[in-house]
Amino acid sequence: MGSLGVWAVALAALLGTSGCWLAEGHKSGRQGSVDTASMSYTSSQEQHSMEKGKADGNIDQSLSDPDGGPCRRTYCGRGRQCVLMAESGRAECVCQEKCRPSFVPVCGSDGRFYENHCEVYRTACLERRRIYVVHSKDCFFKGNACTMSEYNRLKSMLLDIQPKVLKTGEQSQQRDMEEKRALVDTMFKYLDADQDGRLVSDELERISMKEHLEDSLLECTMQDLLRYDDYNNDGHLSLHEFYTAFQVVQLSLAEDQQISVSTVTVGLSAVLTCAIQGTLRPPIIWKRNGIILNFLDLEDINDFGDDGSLYITKVTTIHMGNYSCHAYGYEDLYQTHVLQVNVPPVILVYPETQAQEPGVSASLHCHADGIPNPKLLWLKNGMDLQPRSSKQLSLIGLSVGNMFYVFSDEGITVLQPSECEIRRHMKRTERIVATYEEMCPKGEGVSPQHCVWSSAVNIRDKYIYVTQPLLSRLLVVDIQAQKVVQAVTTDPYPVKMLYDKSHDQVWVLTWGDMDRTHPTLQVIPQASVGEVHHAIRTTFQRVSDFFIPPTNLIITHMTPLLAHHGCPSEVKEKRANENSNENLDVLITNPTKSRKAINLLFELCRFRFAFVFLKNEPAIHKIDLETFHRVKTISLKNYSCIPLNMAYTHLSGFYFVQCQSKSHLQAPPQLLIDSVTDTVIGPNLNVTGQPFVSPDGRYIVTPDPQSSKLIVQTVSFQGELGLNQELDEPVAVSDLAFQPSFTESNQHVVVATSGSGTDLLFADLSSGHTEVLRSLKEPLGSQAWPWGGPNRVVVSSGLFGQYLVTPSSESLFVLNGKQRTPHCEVSDIKRGNTVVWVGEV
């Protein structure tokens, strides 16, 4: 008999009947056609007509006066019939013996479910009590006859008696559902006696009525399957409805929809729709980097729609990457959505204008940043210009406005790199304009008198802020006047500064003393404007370090527009007003449409944050740059990671965290954090060490402290992070800088200094080719540079510059990055480990 026979015998045993009954039921076809009506609720007028006409018409007159006679003139009422008494020959009304089989389901006031109105009134007559039809759908699911609980027990029993496949190993919910579906298929085929794909009343009655099985199946009958689960009210159960009754989930995903690619322009909205279809499909779950998004309170992903679609209200480059969707509980079947984000190009040309005499070389340099990588074409008077060599359109020299500011023992040196010319030297005894005190006064216990610096930042090529840790202050240098114009008092021992262009703020970390016992964070607002600057103390204590994600070229270039319109509320208002006629082009130096400008500004203004590390705490605290309030704490406890450094790429929004182990043994690998969800993704492969990210966000370079290698990772424009290559590097890296490639567009060269030797490394990130410069003299010793950070910095000369600067303990080296050779050495610059580039672009 196979599995079907086993099902039949088991069911017979359960029902207490013979296997022959089931065999007969299996072999026989339909016993005739039964007219069925839909399970609908009629109006009062239609119901009244039904009860007065059809109910009486349903009386079977075969036993009551076939020739008419007295019963022709006798009306007995509903549920009763007229018969001729044999003794007297008189017509009398008795309870109706049976009703014609008609399935027009109704509920009685006794809470029982009846096949038609006739059965209601026949039962009332037999039980000698008043029972009436209740016009409420609640009756179909309540009452004492077959409650929902009893009905579910019936279905569970029917499933339990099926032959089971022996399970081996761990079962997934998907495989369990496939087994359940096979059992329900077998049951349906058995009950469908005429094999027409429909279960009708008489086929179900074969079990629940013909063999009087009502008492055997709890309070429910097989026919209750039709009463409960005929959802379209057509009088029969389809296989689809049968699946629904037994909660068989059917899911499918077309092969050509397993991967879906969507491309959206930055600032617009995106809708990702899950293509998984099927019966009783559970809720759709969306993931990004393995993190479930549905239950997170996200600002920009906050609506999953009735159809399970993922809505991203304002797309930025951090949203690019892979998203997956699956039905809840069925992770084996999933769809991958690849979201690509296009960014209109921002174009920079240097110099913008120039005048040259006949016969003198002129040079132009063009750079464009966008996604995908823009392709550059040169035009002369509207005609294509194809140079024979890239040197014809490359920058040969730098104008006098491009300078390195070097802070050393003797003061401040302004250096023009192409000619190795010192344009200005501010001695340590030079006076501050505002207070007329010396720039580097002699302090107690300091002999001989010299300047002590630790950190400096460029403020929009207007000011340079530089810290003097031993004097508990920072100096403000006016770049145009090339003078120190103000001293800003801070908490003791300011050692580190970062400048946030988007909010025009300088953040300052102070130690309190050389043992770092009372560290604080302070902020200088409106750093580029006003005559007098001051520091505001934040509430954070026990600060070991902090990090502010850097701005890329697009954000930097949009700063003038930002300064005019504010961030972020005013920008949002203008972004929402699509009919604004205000011409914003005058505020930007490249020909960008107003709509594109505002879209880019939205990315710029998008809730920028700082991150604070507290001493010996395995957590990162996210700080709002506008309010200085803590927004969130990201715990790293599960990874035993005490954060030391962070890096960030705006492509897909990855944070890279360098960790220090609590036990101070071998450091654990870097951690990856998703900036969309502020959730730890997990370890970044086995990469340890401090991460550095290229300005375009495409390369992540980590000097491995355990080996002499540079680990190079890439982020594609699809948001995928991958291991690109491992470069052997013979230097123990102190500092690392990126320089645009002079041979390939949209590529970078990494330059790394040694903290213990005299070598310097050049490495092409695209090809992996490396070159080493040797004999650049010894760097500062650790005691000579106690302020944290690299003891030998390397600073490049901006986007279009070919020069770099790196100090030794007693001098300064200018390097030609294009030729990868030493350009010159400037002597008598001691401890010049604080360097800032000031450029015109």
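Basis of the calculations
- Residues numbered from 1 in each chain as written.
- Predicted model: local features only at pLDDT ≥ 70, side-chain atom pairs only at ≥ 80, totals over all residues.
- Heavy atoms only, no water.
- Helix = DSSP H or I, 4+ residues; strand = E, 2+ residues; numbered from the N terminus.
- Buried < 20%, exposed > 50% of the residue type's maximum accessible area, 1.4 Å probe, protein only.
- Contact = heavy atoms within 4.5 Å.
- Areas by Shrake-Rupley, 256 points an atom, 1.4 Å probe, with all protein chains shown as cover.
- Expected span 1.5 Å × (residues − 1).
- Disulfide = S-S within 2.5 Å.
- Core = buried A, V, L, I, M, F, W, Y, C linked by side-chain atoms within 4.5 Å.
- Salt bridge = Lys/Arg side-chain N within 4 Å of Asp/Glu carboxyl O.
- Pairing = 2+ DSSP bridges.
- Polar contact = N/O pair within 3.5 Å; in protein donor to acceptor, adjacent residues only side chain to side chain.
- Axes fitted to C-alpha atoms, helices over the stretch in contact; angles between N-to-C directions.
- Phe/Tyr/Trp six-rings, centres within 6.5 Å; stacked < 30°, edge-to-face > 60°.
- Lys NZ or Arg CZ within 6 Å of the ring centre and 35° of its normal.

For the protein chain, the name recorded in an unreviewed UniProt entry is Follistatin-related protein 4, with Nibea albiflora as its organism.

Enquirer: Talk me through the overall build of the protein chain; I want residue IDs and the actual numbers.
Expert: Along its length, the protein chain carries 13 helices and 47 strands. When burial is assessed residue by residue, the protein chain has 51% of its 841 residues classed as buried. If you take every contact in the protein chain between residues at least 6 apart in sequence, the share linking residues at least 24 apart comes to 53%. Accessible surface, the protein chain as shown: approximately 40,000 Å² in total, 49% of it carbon and sulfur.

Enquirer: So what about helix 5 (residues 148–160)? Which residues, and what values?
Expert: The end-to-end C-alpha separation of helix 5 is 18 Å, in line with the 18 Å expected for 13 residues at 1.5 Å each. All of the buried residues in helix 5 are Glu150, Tyr151, Leu154, Lys155, Leu158 and Leu159.

Enquirer: Talk me through the state of the cysteines; I want residue IDs and the actual numbers.
Expert: If you walk through the whole model with that rule in mind, you get eight disulfides. Note that Cys95 is cross-linked by a disulfide to Cys125, the S-S spacing being 2.0 Å. Here the disulfide of Cys95 and Cys125 is left-handed, its torsion about the S-S bond being about -90°. Of this pair, Cys95 sits in strand 2 (residues 91–95) while Cys125 is found in helix 4 (residues 117–127), placing the two residues 30 residues apart along the sequence. Given a relative accessible area of 25%, Cys95 falls into the partly exposed group.

Enquirer: Tell me about the nonpolar core, and name the residues and values.
Expert: Residues Phe242, Phe246, Trp286, Leu636 and Val657 are the most contacted members of the largest nonpolar core, which totals 79 residues. Per-element tally for this core: the top contributor is helix 6 (residues 173–191), with six residues. Ignoring any residue separated from it by four or fewer positions in sequence, one finds Val657 in contact with Ile620, Leu636, Cys641, Pro643, Asn645, Met646, Gln670, Leu671 and Ile673. Phe407, Cys440, Ile464 and Val838 belong to the second-largest nonpolar core, a separate cluster that totals 21 residues.

Enquirer: Account for helix 6, with residues named and values stated.
Expert: Here helix 6 contains 19 residues, and its C-alpha end-to-end distance of 27 Å stays within 8% of the 27 Å for a straight helix at 1.5 Å per residue. Within helix 6, burial applies to Gln174, Met177, Leu183, Val184, Met187, Phe188, Tyr190 and Leu191.

Enquirer: If you had to explain the pattern of salt bridges to someone new, which residues and values would you point to?
Expert: Applying the stated criterion across every chain, the model contains 21 salt bridges. Close ionic contact of Arg831 with Asp409 constitutes a salt bridge, the shortest N to O distance being 3.1 Å. With a gap of 422 residues between them, Arg831 in the loop between strand 46 (821–827) and strand 47 (834–838) and Asp409 in the loop between strand 16 (403–408) and strand 17 (411–416) connect regions that are remote in the sequence. Classification of Arg831 by relative accessible area gives partly exposed; the value is 27%.

Enquirer: Please provide a residue-by-residue account of the pairing of strand 20 (residues 463–468), values included.
Expert: Within strand 20, six of the six residues are buried, leaving the element largely enclosed by the surrounding structure. The alternating pattern of strand 20 places Tyr463, Tyr465 and Thr467 and Ile464, Val466 and Gln468 on opposite faces, both of which are buried. As defined by bridge partners, strand 19 (residues 456–459) adjoins strand 20 across four bridges and the pair is classed as antiparallel. Within the sheet, the bridge partner assigned to Val457 lies in strand 20 and is Tyr465. Hairpin connection from strand 19 to strand 20: three residues lie between these consecutive antiparallel strands, with Arg460 at a positive phi of about 55°. As judged from the six bridges shared by strand 20 and strand 21 (residues 473–478), these two strands associate in the antiparallel manner. Paired with Ile464 across the bridge in strand 21 is Val477. Between strand 20 and strand 21, which pair antiparallel one after the other, the connecting turn spans four residues, and Ser472 there sits at a positive phi close to 55°.

Enquirer: Describe the side chain of Asn816, and please don't skip the residues or the numbers.
Expert: Considering the arrangement of structural elements, one finds Asn816 in strand 45 (residues 811–816). What makes Asn816 buried here is its relative accessible area of 5%. A polar contact of 3.0 Å, which involves the side chain of Asn816, links it to the backbone nitrogen of Lys818. There is a polar contact of 3.0 Å between the side chain of Asn816 and the backbone nitrogen of Gln819. Not counting the four nearest positions on each side in its chain, Asn816 is found in contact with Gln802, Tyr803, Thr821 and His823.

Enquirer: So what about the sheet that holds strand 27 (residues 543–547)? Which residues, and what values?
Expert: Overall, antiparallel pairing links the four strands, which are arranged 27-28-29-30 in an open sheet. The open sheet has two edge strands, strand 27 and strand 30 (630–635), and neither has a second partner. Neighbour-to-neighbour, the strand axes of the sheet open up by a mean angle of 25°, direction not taken into account. In the sheet, strand 28 (residues 609–614) pairs with strand 29 (residues 619–624) via four bridges, with the strands oriented antiparallel. Looking across to strand 29, one finds that Phe611 is bridged to Lys622.

Enquirer: Before we move on, could you go through the environment of Phe654 and cite the residues and values that matter?
Expert: Here Phe654 lies in strand 32 (residues 654–660). Phe654 sits 17 residues away from Leu671 along the chain, and the two C-alpha atoms are 9.9 Å apart. Apart from the residues lying within four places of it in its own chain, the contact partners of Phe654 are Asn289, Ala647, Tyr648, Thr649, Leu672, Ile673, Ile681, Val715, Gly719 and Leu721.

Enquirer: Pulling in residues and values, what's your account of the sheet that holds strand 31 (residues 642–649)?
Expert: Read from one edge of the open sheet, four strands run 31-32-33-34, paired in antiparallel fashion. The open sheet has two edge strands with one neighbour each: strand 31 and strand 34 (679–683). Adjacent strand axes in the sheet meet at a mean angle of 30°, parallel and antiparallel pairs treated alike.

Enquirer: Can you explain the pairing of strand 13 (residues 365–371)? Please cite residues and give values.
Expert: Along strand 13, six of the seven residues are buried, which leaves the element largely enclosed by surrounding structure. Bridge analysis of strand 12 (residues 330–350) against strand 13 gives six bridges, and the strand direction is antiparallel. Bridge assignment links Tyr350 to a residue of strand 13, and that residue is His365.

Enquirer: Tell me what's going on with unusual backbone geometry, and back it up with residues and numbers.
Expert: Pro372 follows Ile371 through a cis peptide bond whose omega is -5°. Within the fold, Pro372 resides in the loop between strand 13 and strand 14 (378–380). Although it is not a glycine, Tyr436 adopts a positive phi angle of roughly 65°. As for its placement among the helices and strands, Tyr436 is situated in the loop between strand 18 (421–427) and strand 19. You can call Tyr436 exposed: its relative accessible area is 62%. With phi around 60°, Tyr493 is a residue other than glycine that occupies positive phi space. Within the fold, Tyr493 resides in the loop between strand 22 (483–489) and strand 23 (494–500).

Enquirer: Please give an account of the environment of Gly308 that cites residues and values.
Expert: Relative to the helices and strands, Gly308 is located in the loop between strand 9 (291–292) and strand 10 (310–312). Measuring from C-alpha to C-alpha, the distance between Gly308 and Ala327 comes to 9.4 Å, with 19 residues separating the pair along the chain. Excluding anything up to four places from it in sequence, Gly308 contacts Ile284 and Trp286.

Enquirer: Any details on the packing of aromatic side chains? Residues and values, ideally.
Expert: The final tally for this structure, using the stated rule, is 11 aromatic pairs. With centroids separated by 4.7 Å and ring planes inclined at 35°, the aromatic side chains of Tyr648 and Tyr655 adopt a geometry described as tilted. The class of Tyr648 is buried, set by a relative accessible area of 14%. Taking relative accessible area as the criterion, Tyr655 reaches 6% and is therefore assigned buried. Of the aromatic side chains, those joined through ring pairs into one cluster are Phe188, Phe242 and Phe246. If you follow Arg78 out to its NZ or CZ, it ends over the ring of Tyr121, 4.6 Å from the centre.

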